[in-house]
Amino acid sequence: MTVRVAIVIPIYNHKDEIGATVARLTPHGLPIFIVDDGSDEATQAVLAELAARSSTLVSLLRLPVNGGKGAAVMAGLKAAHGAGFTHALQIDADGQHDAADVPRFLDAARAAPDAIVLGRPVYDESVPKARLYGRYLTHVWVWIETLSFAIPDSMCGFRLYPLEPACALIDAVALPTRMDFDIEILVRLSWRALRFVTIPTRVTYAPGGLSHFDVVRDNVRISKSHTRLVAGMLARLPILLARKVLPRGSEAASGSVTAGRWWRIAERGSRTGMRLLALSCRLFGMRATRLWLHPIVAYFLVTGRAARLESHRYFARLQEVSPAGTTPSPNWRTAYRHMLAFAEAGLDKLAAWTGRVAQDDVAFDDPSAFDALAASGKGALVIGAHLGNLEMSRALAVRGAHAKVTAVVYTEHARRFNSVLAGAHRDFASRMVEVADFGPEAAMLMQQRIDAGELLVIVGDRVPAHEAGRVTQAPFLGADASFAQGPYVLAHALGCPVYLLFCLKERGRYRLYFEPFAERIHLPRRERSTHLAAHARRYAQRLEYYCRKAPFQWFNFFDFWARQNGGADGRR
């Protein structure tokens, strides 16, 4: 995107300062729109002379009566947009802002053209202390109204707007026209999911400088604005929470992601949003928090095109290999149920690690294999899947001290959610091993755990970021799919028993399916690929069986059947 920036200066009776302000801005070579907000005759004369002297850069707009700073800024933004500019840099006329920082704002706009670039004031001793401390009350309200800390200072008049979304908001909403404008436009743009970039910038107050801030009237206006914004935040709360909790990333939003590139999707959601759900669990309980998931998932269903299409793809395949009438058809309702099951699984993980799931809520379908392994005191490799909720068994094992269960997780994924779970229980991090690849170093680390009698739980239906080439094709739901070789290579190196584990939610409770897979896995050098393929096929068969058993609980929302070289199997 080509960034074309103009400067917008609202002015009301600052005739003594405007000349110096324009002089400091002129070296940057940007067109300047000065908006005269009904100034007196003396100021009008100064502005007319300035515009005539600098006609190549300065355009003068005159509002017939004083409408307020907000009215002047909006007129300037619309004029710049109408003249073909993509961005507008707002700066006050009174010389408080450091014009030397203009290049920094421009660089930030070029790096993130869709973001609003905000000045974060760095004050010197000239700042009035009452003004300085009074701003913080507004800052707190803005953080509440946006459910974020992305706007550290909403009152600084030194900022750069992307004009398309700013003017769309101006046309759609009756924004305030006085000093409360600077605050409200940022909050409402935040509600529209715009990003913010902040730049520290020096702000000075000239002795005896002219201020149009009316302590009584403008504070009343700002208070009324915050009242409107808090009400607006509450009305939008499900959507705002959805944006916090659910993923967003360029690849996830724009189209399907191949199995070989799933780790590059930005982990969806912020720590703030996830912690809000965790806080809701503590304050209001699981049942009330679970109600929030419905509007959140509905929002994601509408906006998450890529995940919705992958859900449709999965159910279409499942339907083709299942008896007629036994599997739901791929449609919007099915995708909603699929995504809701995913959201509920995440909430259940929080519940498990915070002690809100009883031991009786998780039971083995057949405990004999697990009991025999536990009695032997041996360590084992346990292969699971992104099916159901493996975290439930790990959390309850830690809390009940029945077995030492350690998860082997891929470094590139779910760091934010894992950080929330780590805050829920002190043993979470100690019962997790992060790996980027299944190399010798990882194997040595895990051998120590096996020798100590631990159960290492790893998923077999995803490929680590650095193992994109080490996969084996196996038939799964009617077509070949890529399965990681890592679990079987690791089992060969560890020389330990291997089991499969699936934890499915059935009738509101979790049922564990724990079954032997191999007493030992051997990979002879000459027949290595043949043995790997055989193990992958057996795993894929069991995964398919449990997908049919619980179709809504397999949570790989990317093209699992895509080839590792980026091509798919031709089916879209």
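Definitions and cut-offs
Residues numbered from 1 in each chain as written. Predicted model: local features only at pLDDT ≥ 70, side-chain atom pairs only at ≥ 80, totals over all residues. Heavy atoms only, no water. Patch = residues over 30% accessible without salt bridge, like charges linked within 9 Å, V, L, I, M, F, W, Y side chains within 5 Å. Areas by Shrake-Rupley, 256 points an atom, 1.4 Å probe, with all protein chains shown as cover. Salt bridge = Lys/Arg side-chain N within 4 Å of Asp/Glu carboxyl O. Buried < 20%, exposed > 50% of the residue type's maximum accessible area, 1.4 Å probe, protein only. Core = buried A, V, L, I, M, F, W, Y, C linked by side-chain atoms within 4.5 Å. Helix = DSSP H or I, 4+ residues; strand = E, 2+ residues; numbered from the N terminus. Contact = heavy atoms within 4.5 Å. Polar contact = N/O pair within 3.5 Å; in protein donor to acceptor, adjacent residues only side chain to side chain. Phe/Tyr/Trp six-rings, centres within 6.5 Å; stacked < 30°, edge-to-face > 60°. Lys NZ or Arg CZ within 6 Å of the ring centre and 35° of its normal. Pairing = 2+ DSSP bridges. Axes fitted to C-alpha atoms, helices over the stretch in contact; angles between N-to-C directions.

1. Some thoughts on a nonpolar patch on the surface
Then step 1. Judged by side-chain polarity, Leu137, Val140, Trp141 and Ile144 come together as a nonpolar surface patch covering roughly 350 Å² of accessible area.
Then step 2. A residue is classified by how much of its surface remains accessible, and Trp141, at 34% relative accessible area, is partly exposed.

2. Looking at the nonpolar core
Then step 1. Membership of the largest hydrophobic core comes to 62 residues, with the highest contact counts inside it found for Leu387, Phe476, Phe483, Leu543, Trp554 and Trp561.
Then step 2. The element contributing the most residues to this core is helix 13 (residues 332–353), with nine residues.
Then step 3. Once residues within four sequence positions are removed from consideration, Phe476 is found in contact with Ala481, Phe483, Ala540, Leu543, Glu544, Cys547, Trp554, Phe560 and Trp561.

3. Some points on the side chain of Asp94
Then step 1. By secondary structure assignment, the location of Asp94 is in the loop between strand 4 (87–90) and helix 4 (102–111).
Then step 2. Residue classification places Asp94 among the buried positions, given a relative accessible area of 19%.
Then step 3. Leave out the neighbours within four places in its chain, and Asp94 touches His14, Glu17 and Thr21.

4. Points about the environment of Thr326
Then step 1. Within the secondary structure, Thr326 is located in the loop between helix 12 (305–320) and helix 13.
Then step 2. Taking the C-alpha atoms as reference, Thr326 lies 8.8 Å from Arg548; in sequence the two are 222 residues apart.
Then step 3. There is a polar contact of 2.6 Å between the side chain of Thr326 and the backbone oxygen of Pro323.

5. Focus on the environment of Lys69
Then step 1. Mapped onto the fold, Lys69 is located in helix 3 (residues 69–82).
Then step 2. Residue classification places Lys69 among the buried positions, given a relative accessible area of 17%.
Then step 3. With 111 residues separating them along the chain, Lys69 and Asp180 place their C-alpha atoms 8.8 Å apart.

6. Describing the pattern of salt bridges
Then step 1. Inspection of the entire model under this criterion finds 22 salt bridges.
Then step 2. Asp348 is paired through a salt bridge with Lys505; the nearest N and O atoms lie 2.9 Å apart. Placement of Asp348 in helix 13 and of Lys505 in strand 15 (residues 498–506) is noted, with a sequence separation of 157 residues between them.
Then step 3. Look at Lys505 and you get partly exposed, because its relative accessible area is 25%.
Then step 4. Close ionic contact of Arg511 with Asp365 constitutes a salt bridge, the shortest N to O distance being 3.7 Å. Taken together, the residues Arg511 in strand 16 (residues 509–518) and Asp365 in the loop between strand 8 (362–364) and helix 14 (368–376) connect sequence positions 146 residues apart.
Then step 5. In this structure Asp365 comes out as partly exposed when scored by relative accessible area, which is 43%.
Then step 6. Among the charged side chains, a network of salt bridges with common partners joins Lys69, Asp92, Arg159 and Asp182.

7. Concerning helix 7 (residues 181–191)
Along an α-helix, residues three or four positions apart point the same way, because every turn accommodates 3.6 residues.
Then step 1. Counting buried positions along helix 7 gives eleven out of eleven residues, so the element sits mostly inside the fold.
Then step 2. The first or second residue beyond helix 7 is Ala193, which carries a positive phi of 70°.

8. Some remarks on the side chain of Asp461
Then step 1. Along the chain, Asp461 turns up in the loop between strand 12 (455–459) and strand 13 (471–476).
Then step 2. At a separation of 2.9 Å, a polar atom in the side chain of Asp461 contacts the main-chain amide nitrogen of His386.
Then step 3. If near-sequence neighbours (up to four positions away) are discounted, Asp461 is found in contact with Ala385, His386, Tyr539, Leu543, Trp554, Asn556 and Phe560.

9. Brief notes about the packing of aromatic side chains
Then step 1. One pass over the structure, following the stated rule, counts 26 aromatic pairs.
Then step 2. Considering the side-chain rings of Tyr499 and Phe514, the 4.8 Å spacing of their centres and the 20° angle between planes classify their relative orientation as stacked. You can see Tyr499 sitting in strand 15 and its partner Phe514 sitting in strand 16, a full 15 residues away along the chain. A single burial state applies to Tyr499 and to Phe514, both of which are buried.
Then step 3. Through a chain of ring-to-ring contacts, three or more aromatic side chains come together here, namely Tyr314, Phe315, Phe476, Phe483, Tyr539, Phe552, Trp554, Phe558, Phe560 and Trp561.
Then step 4. Over the aromatic face of Phe85 sits the side chain of Arg4, whose NZ or CZ is 4.6 Å from the ring centroid.
Then step 5. Cation over ring: Arg317 sits above Trp561, and NZ or CZ is 4.6 Å from the ring centre.

10. Describing the sheet that holds strand 5 (residues 115–123)
Then step 1. Read from one edge to the other, the open sheet built from seven strands follows the order 3-2-1-4-6-5-7, with strand pairing classed as mixed. Each of the sheet's edge strands pairs with one partner strand only, and the pair in question is strand 3 (58–63) and strand 7 (195–203). Between one strand axis and the next, the sheet turns by 20° as a mean value, whatever way the strands run.
Then step 2. Where strand 5 meets strand 6 (residues 159–162), two bridges bridge the pair, whose relative direction is antiparallel. Along strand 6, the bridge assignment pairs Val117 with Leu160.
Then step 3. Helix-sheet contacts for helix 2 (residues 41–53) involve strand 1 (5–11), strand 2 (32–37) and strand 3, and the interaxial angle to strand 3 is about 155°.

11. Description of unusual backbone geometry
Then step 1. One non-glycine residue, Asn13, lies in the positive phi region at around 65°.
Then step 2. Checked against the element boundaries, Asn13 lands in the loop between strand 1 and helix 1 (18–25).
Then step 3. A residue is classified by how much of its surface remains accessible, and Asn13, at 19% relative accessible area, is buried.
Then step 4. Notably, Leu477 is not glycine yet its phi reads approximately 55°, a positive angle.
Then step 5. Judged by its relative accessible area of 2%, Leu477 is buried.

Geometric descriptors of this kind do not, in isolation, establish any biological role.
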